[in-house]
Every structure is written in structure tokens, then in C-alpha cells.
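So the chains spell out like this:
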Amino acid sequence: MRTKNKLATALALILLIGVLGANVVFAEGGQEKPYLFGVSIWADSDPLSKKVISNLRYAADVLGAKVEVAVDGFKPDNQVSNIENLIARGCDAVMICNCTDAVVPKIVKLAEEAEVPLALYFRMINDPEIRKYAESAKYFIGNVHEDEIAVGYALGTAIADKGRKNAVIINYNKGDTTAGNRYEGYKKAFAERGVKLLGEQWDILDAEPAVNAVESFIAAFPELDAIAVGGGGGGPLAGTIRAVRNHNKIGQISITASDFGPDIEDSLRNQEVAAMSGGHWTDPFFTFMLLYNYVDGHPLSDKPVTITMEPIYLTSVEEAQQYTKWCMDQPPYNEEEIKNMTVRYNKDFTLADLREIAAAYSLEDVMERHK
Amino acid sequence: MSLLRVQSVSKTFVTTRALREASLAIEEGEIRGLVGENGSGKSTLASIVSGIITPDSGQMFMQDKPHTPKTVLEANNAGISIVVQEMGTIDGLTVAANLFLGEERRFTKRGLLKTAHMNKAAKQALRTFGIENIEPDADISALSFEDRKLIEFAKALHVGPDLLIVDETTTALSQRGREILFGELQRLKAAKKSIIFISHDLAEVLEHCDTVTVMKDGVIVDTLPTAGLDERKLKELMVGRELQQTYYREDNEASYTDEVVLRVRDLTLKGSFSDISFDLHSGEILGIGGLTNCGMHELGKVLFGLHAATSGSVEAVRHGRKVSNYREAIACGLGYLPKNRDQEGLMLLSSIKDNICLPSLSRLRKNTFISPRKERELAERGAQQLSIKMSSINQLCLYLSGGNKQKVSLSKWLVRDSDILILDCPTRGIDVAVKASIYTLMQELKRRGKAIVMISEELQELIGVSDRIMILRRGIVENTLNRRENLSEEEIIHYMI
Amino acid sequence: MKGIKKLIPYIGLALIILLFGVLTQGKLLTLRNLKLVFNQAVVLIIASTGVAFVMAQGSLDLSQGSLLGITGAMTATAAALHPGLALPMALLTGFAVGLINGSLLAFLKIPSFIVTLCVLFVLRGLTVIATHAGSIPVPMEMLAFDSYDIKVTLLVLILAGAYYLFNYTQTGKGMRAIGSGEVAARYSGVPVERLKVTAYLISGTLCGLCGWLNVVRTGAADSKTGLLLELDILTALVLGGMPLTGGSGAKLQSAVVGGLMLALLGNGMVLVGIMAELQQAVKGVIFLLAVYLSFERESAVLIK
Ligand SMILES: Nc1ncnc2c1ncn2[C@@H]1O[C@H](COP(=O)(O)OP(=O)(O)OP(=O)(O)O)[C@@H](O)[C@H]1O
Ligand SMILES: [Mg+2]
């Protein structure tokens, strides 16, 4: 009882001191401000989001700008709140990986009201009505995305190339555009190459449910020899590998996944994965460049822009080593290259140039430029 | 060498000085009575000695060793155990589990509690106290108030105390329970053990105690041998002024109107009582007596519609309605004072005001609005009527002394101006002065045409205030006696057993 | 000294405002940002107001998060038929779930946290099914309902009504009496079962309204909508000084003070740029502190 009263009194005292101190702090003024870019992202601690953020920070540094990150957990309410918050913090532009088309109208509306440019990364808008609405908005700058059907197709083909015949797919939740498109791609490749799809499991967002799902599949289908992880090289892939290892089936079951992380080299060496797509963390970088040019007073287009990117595919240890060396240990685009993607430093830079750079992105491309 | 010495112990609760510089010494083999008005500090003193609360200042010695218990367990180890005034058993546990609470290790083998073992030991313990009717594996909440009290008592004895404190327990007990209790006290005394016995029943104190300590407003007034002391003298010491001689009714005849207000016909509750019929009249005080498990406490609950009767009817004649649930009962002007006041009578975590006003809310409201001012006035009036000792009507009931809780519990029906009051042990734990005023009040109500059903374990009280006494035995009306001059306790007991 | 304990929630609120006011160099307190905080807090405050009635009785309502989800889904589905159906549908869904919660609790005598926890799971499952594990968009014109004027008006009306009901009527007093001691309240004539159901009807219906507000705010009903809202509500109420036991110490103000505290805390941490995981941890620690400071050891014995 007594301690509580003391604590309460202490809190009141801190309050008092704080009030006095506040006057001093408020007196300080601000100086000339660098551009501030707001990024709403699903998380900030998994490999993909970490890389996205660090890459954006690097680019911003080069250009003397700042990046503000807000985590939304892929929940619509949080995404709306984040955009509100970021705008309130005085961001000059905001970008988001929207969890569903349905939040786009609201987010676009917020941007319009605040007259802050907005762009999407990793996403295209599937719903025609919503796409029309967004593209008619003055402050919707555009979106960058991967051709996920192509990704699924490429990885599905890699499975077939290994001679595998019986596969399952585990994936993010239904309704997630990316996951859905990869699924379509896988199915297409399997159908063409005669790989049997034994089963599929959705709503796998984490390692634990992935372990459970995969263990059930292994138990149910002794003939199982391939697992396609549609969504997520983070938790779901880690869980899948764990389950396969638990059943001593490493090497017998080929795993493919998207979004590779830092341990891709080991995974390939240990035959834990057969092929992976990834490296597309540069996608938000192109969204950022679109926004930067806009904010800097040199919009690359007066209409919303859609840029399509190719991911990098890795199927061997050597490739992975190269990838680590050229894309992870050093930025895929160096200072000079970044500056050259802005009209500020490169008067002749156009949207077509940016598209070309994005389309050319691959392991060979990076090695070529930096050799 | 004294067994227990208490020196200048004081305790203040927020603003209430509950105990001031209290000193006393208890000798080996002594039965010490402790008396005083409600809120005079008896329970506070007992709680300090037995480790329930710690004093603000002062010292205590047990067999000349410093005695500073921080928990009940520490006090137990020093040889002191207590039967508390309020309910001290834990609902949801069995009798045996309650009895051996804190001693489970004795019955644990390799981490497993041997329930059968414990039950057997419990059965044995209960039998040695002459308690035959309680099964050790029964859920304690299914037992009657008295049985639960007896289990607490058994638990306190089980510790094997050098000093046993019994706080205001007997008024909750029937004749049988009291006999068991006093038998054990005598046995302890014979074994050179000591007892502090707190009670508002002064006759009982004089009969069973060697010495008596009187408290008033947190101060120990005096300690006297009981020999050569009479009730009147003791009362004067307690209250600090002379009291009227008797507080019971002066008249010797039943007197009530012809108007029937409550008609009870063939009322049966399976397992408790059967075929009870009577008419309650305006201006009548109907006493109901019997052994504690004769069904009279259950009868009170059924009359008030808290339990549905198996068959039979209760009719509120003025309203022309049968009463079948408590909401109807209240609407028909009934009020009910339960025996188990801490759980059934009061909301301990609410203020005195909230407790007193609760049944009257429907009368206080205008459309839907309940004026805080009116609530306050009502509560003030109720508190004054029974002179509740409190710091303000906003005080939580949790912090009231036992007797004052009882007053709050009664007050809520008085301020509602109930026409028919069902009172189960109305003067339980109430001091003599207030007892007198409650009896006076009951007569006042009677004069105003109210009707009262008074269920009581106290034969004196039954004889003293009732117009008629209905005696139950094993759930059946054994006899109904009219008020008359030479009605004796023996006669009533005759029908009870 | 006793009085200061009652002030703890207010001191806490002031501390949060002050701390983040300083850390954000006043940005927290700009009109624009305060409007934002209000915008984000309004659902929490309204939902907490409803749950305050439940907690006053010493019960819990853990179904709120999923209820927000399912009302969202129902609302969006109804809105697809006709936008005018959205609000009635939201209120009806909330009311119905409140009725189920209350009836299970009052008549089957299952403890409230179990009942509402089960309902939480069931409703989340239904939400995932209804949204096909994704999201349902609502007609874009419905975003127009997301205006400050509407929200401020609604909030003022609801708070005024709830305050009156809670403090000045037999219903509110009866509910608190149940929290203080159910048996004694019954013995004093309080219609215990009826009030229990009523409390859940209030909390359900208000949560239904929140479901509608949420849908018109985000433009979508999602399978994840409202996830963990029930814990935010609980935290807000406890931060606001609501005793877990309910009873006479229950105050409706807790919903407002706690809701604002939580919203300001969240907004402030975003403004300052604290990592998301750390934000959760900070909330947890503050919650613990609030419970510790407001917990009455004496009365703990009496928690049912
Ligand atoms: N925990 C508490 N907090 C505040 N006041 C208390 C507390 N416990 C007791 N009191 C107050 O201290 C005084 C003494 O109470 P105590 O219980 O010792 O009386 P008592 O002599 O046992 O009375 P009774 O005969 O009614 O049982 C009373 O005025 C009571 O209101
Ligand atoms: Mg007492």
C-alpha cells in the first residue's frame, strides 16, 4: 500500500518536472528539412522487410532524404492508421504494400486530402473499379510489382526439371494477390509438366503452422517429393525445412519458395531447397525513385505508372555465393547509379530509363555493372 | 508468567483509531471474556494477536518471547489460533480441504495429494469434536452456516493451540453447536490451555469465563473476575451509562390485528421442510425456532422467493398475488435479512450508501433518474436510525465491524418501509445497546401494522419479542405457542428435540 | 493519500501527453495530429464504453475483436446489396452476439471469460469464412460516412447516454451491485440475469456500431479486422482505472481516459519512431504497472 502511494506521488512529481522541462524543449526551432518518405510495411524484423528498409535507407542517404517506417501487420485498419500517422508526421510522400485492394480507395483518399503523393510497392491493383479510381487520383503516383504468375511458373518448372512428380503447395491466406498469382503460376507449370498436385494448404503465415501442415502432408502422402512454398521465404519456409528434416527427407523432397533470406547459400548447399526466387526487395526501391523524382519537382510521368520487375532465381550454391557477394554485401545500385536515376542529377533521365533498369535487374546485370 | 502479554498496542485504519494503547495479560488455563459495543475494537485486537493484521505500535509477548506474527501461520506456530467472526471457510473446497488448508503436505506423497487419506483424517478430527453429520468430502458451500462455523472451530482446535481465540461465533450457532463449543473450551481449560472468548451474549460470558475484559472505543476499560459480576453491571461498563432493565417486550399477551398479510399453505421444500401452513397478520411478530437444521433458515428463503418451493404457496394477501420469486416478493413489500451477512446480506466492496439504497432504488427514481441527493438522504436516515458506527456513508462495508455490518444489512429493508420483514437471526453479533434498540424498533414496526417473521436461534429472544412462536422439528411444525407470561425455554426446547 | 490513487489514470494520461509532447517537439499536440488520434481512438472508446458495463458486473467480454471482424464482414456484405443496409446490419449483428453472450453467461452459468473466449474463436472463424480469408470491399461512396462531424456527434451522444445509464439509473446501479456482490445484489432484488444480458447487449451493440465505423473508415472488411481489439479494450479500461472485479469502484470515465491514453501512446510511439515489437512491450509494461497501482489487495480475496 505504502509503496503504491509513493509510486503515485513519484509519478506526479515526474509530471511536474516534465511540465517545467517542456518549456525549454519547445523553445527550439527547426531548420531546413530534408525530404521525408513514409513507408508502411507489414513488419520490420523478417529478412525481406529488413532488407527492404535498409535498401531504402541507403538510397535516401545518398539523396539526402529520410525514411520513416511504420509497421502495419497487414491489417487494413493499421494500414489506414499508418498512412494517417505518416502524413501527420509531415512525410512528403508515402508508400505502402497494401494488404488488399479494398483499402486502396481509402488510402488514396487520405493522400488526396492531404495532397501527399502515394505509391504502392510489391503490388498491382486487380480490381478494375478500384484501379480506375486510383489511377484517376491526382496524388496516386503508381505501383511496382513482380509478375508473380511468372515466378510461380518458373519455380514450378524448376521442380519438374529435378524430375519430381508429386507436389503440394502451402501458401499465405487466400485473397492475398501475390500468393494467389504464384499459386496460379505453379499450377500452370505442374499441369504442363505432368507434376501431380497432391494437396494445398492456405493461411500459413508462420513457421509453426507450416511445420504442422507439412508433417501432415508427409504422413498422408509417402510419395511426396516436392513442396512449393507459395508465400514467404521467412517463417513458412523455415517451418517447412524443419518438418522435412524431422522426417529425414532432406534431398528426397525438393522445396521451392519465394523471397530468399540470408541463409540461402546454406539452404542450397544442404539441399534443403531446390530453387528460390527473391532479391525483389529492390522493388520498393523503384517505387521510392518514382516518388523521389515527383517530390523533387520532376515527376517522371503525369499519369500513374506501373513498373513490372523480374526477381532473381537461384538454383545452385555458386549462384547463391555470387548473389551474396554482389547483391547483399554491396547495394545493387551504387551511389552514382542512384543519383543517375534522378532528374536532379541527370537531366535527361526518363520513365523509360527507369523501366529499363527495373526490367534488366538480375544477378548477371548487377555483376556486369559492378565488376 | 503470563501466557500472552499485550503492551500498549495501537492500530489506526485510515481515520478510525480502532485500538489505542491496549494492554492485557492472559494466564495459563484462563478463559477470558472480551466484551464491548460494536466497533469497540475487539476483532481488531483479536486479529492482531492472531497475525491477521499487524499493529501500528506496541509489543506482544507469548510465553515471554516477543510475539510479532505477520501471518496466521506464524501465529499458529507460536501456539495461537482463531475462529474469526465472519465466514472463514473457502467455497468450492471440500470440508476436508478446508480443514487441512495449509497442511496439505501431510497428505502428499510424491507430489500427489492423497485425498482418501485426508478425508479419513478429517472424519476422525470431526468425530472427536462430536460432529457426526458432516461428510469430509462434501463441498463446504453446501453446508449450513452453523456447520461451516463448526468446521472452522475444528480447524482452529486442530492446530493444538495454547491460546484459542473465538470471535463472536456463538450467536451464529444453535443450542447444539454451542454445547459442542463450550464442551471443547472446558476441555482446553482443563489441559491448562487459555481462551479469549468474544461475545455479545453477556450471560454466556459470565457463565463460561473466569475473567472478562471490557473495551470501549478502542480502549481497554477494565478487566474483572466474573465471579460477583452481573449482566447489568457488565452492560454499564460496556456502554458507559446505565441501561433500562429489560429490553424485551413488557406485555405478556399476543396482540395483532385480524388482517392476514401473508398466507402460507402446505409449503414444502424437498429435503428441508414439508407442509408448513400459517397466517401472518398485520402487527404480528411471528417467531420461528428450532434446531439449526430443522429447516427454518430454508423456510425464510422460500418465503422470500429465493428458492422455489417444491409445492405449496405463499400469498401476499394485500396484493392478491402468489409470491414465487424474489422480485415479486420485494414488489409485494417483503424484505429479507439473511443469516450469512457477508455473502448474502452485503456487498462488502460497496459503500454503506449503496447497500442501504439498493432495494429502494425503484422508489427513489423519477422516471429513470435516481437523484444522488435523495440516495444520500435515505442512507443518512437509515444509518442514523440504527446508529451505525462509521466514518461516513461512503465508507466501504468491508471496513465495518461485524455488528455494524449487520445493522447495514437490516437498514436497507427498514428504509424501504417493507410491510413484511423476514429476519433470520436479526441480532447476530449486535451489542446489547443496539439489540435493545432493534427490539424497540420491531415493536414500533408492529405498532405501525407491519408484520415480522423472526427466525432465531436465541430462545430468550424468541420468548422476549414474539407474539407467536412456531417451532419446527425436522422440517415439520411441531407446535405453535402463543405469547404468555410463563413461557419457558424448557418448554420450547421440549418441542425442538 | 487515498485520493491520489483515483487520480493515477489522469496523471498517467498527462504523463503520456507530456512525454510525447516533448519527444515529438510538440507535434503530438498539433490540431491535425489530435484529430488523428481522435480518429483512431474513437472505435476503442466506444467499444470500451460498452465493455465497461460488462466489467462493472465483474465479468469480461473477450469477444469484441472477432465481433468487430464479423460485423465488418456482415456490414460489407449487406452494403453490397444496398449501402443503407450497412448500419442496421452492423447494429443487428452486434445485438445478436450480445444476446448470445449474455444468455450463455446468465442462464447456463458459464464463466464470462470462457463464454466470450469461445465466441471469440467462433466469430473469428466465421469472419475468415465470410471474407474468404481475404477482404470484402464496400462501395466507395460509403467512405463519405467517415467524417469527423459524424464521429464526434456519435461519440458525444453515446458517452452522454452511457454516463447517464451507468450512474443515474437502476440499471447502472444494479450492474455495479452485481460486481460488488452478486448474491447480495440478488437478495436485494436486483434482476441479476436480466442485467447480465443487458450489459452484453450494450457492449455487443456498441461494438456493432464500431464495426460499421471501421468499415467506412478503411473501406474494407478483412479477415484480420479487429484482431486483438479485445485486449486493447481491456488494457484501455484497466489503464483508465476500471477494477477487474467491477463493482462500486467501476467508473465509466475509464473508457475515455484509458482509450485516449492508449491511442496517444500508440500515436506518440509512431511519431517518435519506436520499433513495432518494442511498442507492444511498452504497452505490456504500462498495463502491468496500471494493474499493480490500482489493485486492491484487500478485495482480491473476494474476486469470484
Ligand atoms: N480494515 C479496516 N479498515 C477501516 N476500518 C476498520 C477496518 N477494520 C475495522 N475497522 C474499524 O475499526 C473499528 C473497530 O472494529 P472491530 O471490528 O475491531 O470492532 P468489534 O469490536 O469487533 O465490533 P463488533 O462487535 O461489531 O464485531 C470499527 O469502527 C471499524 O469500522
Ligand atoms: Mg468484531
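Everything numeric in this text was worked out from a predicted model, so none of it was measured.

Participant: Give a description of the overall build of chain C that names residues and reports values.
Facilitator: Tallying secondary structure elements over chain C gives 13 helices and 2 strands in all. Dimensions of chain C, computed from C-alpha atoms along their principal axes, come out at roughly 55 × 50 × 35 Å. Of all 304 residues assigned to chain C, the portion counted as buried reaches 58%. For chain C, long-range pairs separated by at least 24 residues make up 79% of all intrachain contacts whose partners lie at least 6 apart in sequence. Taken as a whole, chain C presents about 11,600 Å² of accessible surface, with 75% of it coming from carbon and sulfur. Across chain C, the mean location of the 20 positive side-chain charges is 7 Å away from that of the 12 negative side-chain charges.

Participant: Break down the domain arrangement of chain A for me, citing the residues and quoting the values.
Facilitator: Residues and elements named next belong to chain A. Domain assignment breaks chain A into domain 1 (17-146 + 281-370) and domain 2 (148-278). Across the contact, 18 residues belong to domain 1 and 21 residues belong to domain 2. When domain 1 packs against domain 2, close to 1,800 Å² is buried across both sides, 59% of that on carbon and sulfur atoms. Our count for the domain 1 to domain 2 interface comes out at 0 salt bridges.

Participant: Tell me about the sheet that holds strand E5 (residues 65-66) of chain B, residues and numbers included.
Facilitator: Hydrogen bonds along the backbone pair up the strands of a sheet, which may run parallel or antiparallel. Residues and elements named next belong to chain B. Read across the sheet, 4 strands follow the order E2-E1-E4-E5 without closing on themselves; strand pairing throughout is antiparallel. Edge positions in the sheet fall to strand E2 (16-26) and E5, since each has one partner strand and no second. Bridge analysis of strand E4 (residues 57-62) against E5 gives 2 bridges, and the strand direction is antiparallel. In the strand pairing of E5, Met 62 is matched with Lys 65. Helix-sheet contacts for helix H1 (residues 42-49) involve strand E1 (4-13), E2 and E4, and the interaxial angle to E1 is about 120°.

Participant: Can you lay out the coordination of the magnesium ion (ligand 2) for me, pointing to particular residues and giving the numbers?
Facilitator: All names here are of chain B. In the first shell of the magnesium ion (ligand 2), the protein supplies Ser 43 (OG) and Gln 85 (OE1), at 1.9 to 2.1 Å from the metal. In this pair, Ser 43 is assigned in helix H1 and Gln 85 in the loop between strand E6 (80-83) and helix H3 (95-99), connecting sequence segments 42 residues apart. Residue Ser 43 is classed as partly exposed on the basis of its relative accessible area of 24%.

Participant: Before we move on, can you summarise the arrangement of the chains with the specific residues and values?
Facilitator: No other pair among the 2 pairs of chains in contact exceeds the contact count of chains A and C. In this view chain A stays clear of chain B, with the nearest C-alpha atoms of the two still 12 Å from each other.

Participant: With reference to specific residues and values, describe the pairing of strand E21 (residues 468-473) of chain B.
Facilitator: Residue and element names in this part refer to chain B. The buried count for E21 comes to 5 of 6 residues, which makes it a mostly enclosed element. Here 4 bridges tie strand E15 (residues 285-289) to E21, and the two strands are oriented parallel to one another. If you follow Gly 287 over to E21, its bridge partner there is Ile 469. As judged from the 6 bridges shared by E21 and strand E22 (residues 476-482), these two strands associate in the antiparallel manner. Bridging across to E22, Leu 472 finds its partner in Val 477. Between E21 and E22, which pair antiparallel and follow one another directly, the connecting turn spans 2 residues, one of which, Arg 474, has a positive phi of 50°.

Participant: Any details on the interface of chain C and chain B? Residues and values, ideally.
Facilitator: Listed by partner, the interface residues are 24 residues for chain C and 32 residues for chain B. When chain C packs against chain B, close to 2,300 Å² is buried across both sides, 61% of that on carbon and sulfur atoms. Its largest share of buried area at the contact with chain B, chain C owes to Gln170(C), Tyr187(C) and Ser188(C), together 30% of the area lost on that side. Counting across the chain C and chain B interface gives 1 salt bridge. Counting across the chain C and chain B interface gives 12 residue pairs in polar contact (both at pLDDT 80 or more). For the side of chain C that touches chain B, the secondary structure elements donating two or more residues are helix H6 (148-168), helix H7 (170-180), helix H8 (182-187), helix H9 (192-218) and helix H13 (297-300) of chain C. The element contributing the most residues to the side of chain C that touches chain B is H8(C), with 5 residues. For the side of chain C that touches chain B, the per-class residue count stands at 11 nonpolar, 8 polar and 5 charged.

Participant: With reference to specific residues and values, describe the packing of aromatic side chains.
Facilitator: Residues and elements named next belong to chain A. A complete count under the given rule lists 28 aromatic pairs over all chains for this structure. The interplanar angle of 45° and the centroid separation of 5.9 Å between the aromatic rings of Tyr 186 and Phe 190 together place this pair among those described as tilted. Placement of the pair is Tyr 186 and Phe 190 together in helix H7 (residues 177-193), with a separation of 4 residues, close to one helical turn. We classify Tyr 186 as buried; its relative accessible area is 0%. Look at Tyr 333 and Tyr 361: their rings are 6.4 Å apart centre to centre, the planes differ by 35°, and that puts the pair in the tilted class. With Tyr 333 in the loop between helix H12 (317-328) and helix H13 (335-339) and Tyr 361 in the loop between helix H14 (351-360) and helix H15 (363-370), this pair connects stretches of sequence that are 28 residues apart. Residue class for Tyr 333 comes out buried when judged on its relative accessible area of 3%. Judged by relative accessible area, Tyr 361 falls into the buried class, the value being 1%. Taken together, the ring pairs connect Tyr 35, Phe 37, Phe 288 and Tyr 292 into an aromatic cluster. One cation-aromatic arrangement involves Lys 51 over Trp 281; the distance from NZ or CZ to the ring centre is 4.8 Å.

Participant: Account for unusual backbone geometry, with residues named and values stated.
Facilitator: Residues and elements named next belong to chain B. Residue Ser 387 is not a glycine yet carries a positive backbone phi of 40°. Here Ser 387 lies in the loop between helix H14 (372-385) and helix H15 (402-415). Judged by its relative accessible area of 46%, Ser 387 is partly exposed. In this structure, Cys 425 takes a positive phi of about 50° despite not being glycine. The topology assignment puts Cys 425 in the loop between strand E19 (420-424) and helix H16 (432-447).

Participant: Report on the pairing of E4(B), specifying residues and quantitative values.
Facilitator: Residues and elements named next belong to chain B. The sheet contact formed by E1 and E4 spans 5 bridges and is antiparallel. Opposite Leu 4, over in E4, you have Met 62 as the bridge partner. Linking two consecutive strands that pair antiparallel, namely E4 and E5, is a turn of 2 residues; a positive phi of about 50° is found at Gln 63 within it.

Participant: Which residues make up empty space enclosed by the protein, and what values go with them?
Facilitator: On inspection of all chains with the given rule, the structure shows 5 cavities of 30 Å³ or more. Around the largest cavity, the lining comprises 11 residues; the ones closest to its centre are Cys99(A), Asn173(A), Gly134(C), Asp222(C) and Lys224(C). When its residues are assigned to classes, the lining of the largest cavity shows 3 nonpolar, 5 polar and 3 charged. Here the lining of the largest cavity spans two domains, since at least three of its residues come from each of domain 1 (17-146 + 281-370) and domain 2 (148-278) of chain A. Its boundaries defined by the atoms lining it, the second largest cavity holds a volume of some 60 Å³. Lining the second largest cavity are Phe122(A), Arg123(A), Met124(A), His145(A), Glu146(A), Glu148(A), Thr177(A), Thr178(A) and Asn181(A). Among the secondary structure elements, those contributing two or more residues to the lining of the second largest cavity are strand E5 (140-146) and H7 of chain A.

Participant: If you had to explain the packing of helix H3 (residues 64-81) of chain C against helix H10 (residues 229-239) of chain C to someone new, which residues and values would you point to?
Facilitator: Residues and elements named next belong to chain C. Two numbers describe how H3 lies on H10: the axes approach to 6 Å, and their chain directions differ by 130°. On the basis of the axis angle, H3 is oblique to H10. Facing Gln 64, Gly 65, Ser 66 and Leu 68 of H3, the residues of H10 in contact are Leu 229, Glu 230 and Ile 233. Grouping the constituent residues of the contact of H3 with H10 by class yields 3 nonpolar, 3 polar and 1 charged.

What counts, and at which threshold
Residues numbered from 1 in each chain as written. Chains lettered and ligands numbered in written order. Predicted model: local features only at pLDDT ≥ 70, side-chain atom pairs only at ≥ 80, totals over all residues. Heavy atoms only, no water. Helix = DSSP H or I, 4+ residues; strand = E, 2+ residues; numbered from the N terminus. Buried < 20%, exposed > 50% of the residue type's maximum accessible area, 1.4 Å probe, protein only. Contact = heavy atoms within 4.5 Å. Areas by Shrake-Rupley, 256 points an atom, 1.4 Å probe, with all protein chains shown as cover. Lys, Arg positive; Asp, Glu negative; His and termini not counted. Charge placed at Lys NZ, Arg CZ, Asp CG, Glu CD. Domains from an automatic or database assignment. Buried area = accessible area lost by both parts, 1.4 Å probe. Salt bridge = Lys/Arg side-chain N within 4 Å of Asp/Glu carboxyl O. Pairing = 2+ DSSP bridges. Axes fitted to C-alpha atoms, helices over the stretch in contact; angles between N-to-C directions. Donors = N, O, S within 2.8 Å, 3.2 Å for Na, K, Ca; no water. Polar contact = N/O pair within 3.5 Å; in protein donor to acceptor, adjacent residues only side chain to side chain. Nonpolar A, V, L, I, M, F, W, Y, C, P; charged D, E, K, R; others polar. Phe/Tyr/Trp six-rings, centres within 6.5 Å; stacked < 30°, edge-to-face > 60°. Lys NZ or Arg CZ within 6 Å of the ring centre and 35° of its normal. 1 Å grid on protein atoms, 1.4 Å probe; cavity = no way out; pocket = protein on both sides within 12 Å on 5 of 7 lines; lining within 4 Å. Points joined across faces, edges and corners; volume = space filled by probe spheres on them. Parallel < 35°, antiparallel > 145°, perpendicular 65-115°, else oblique.

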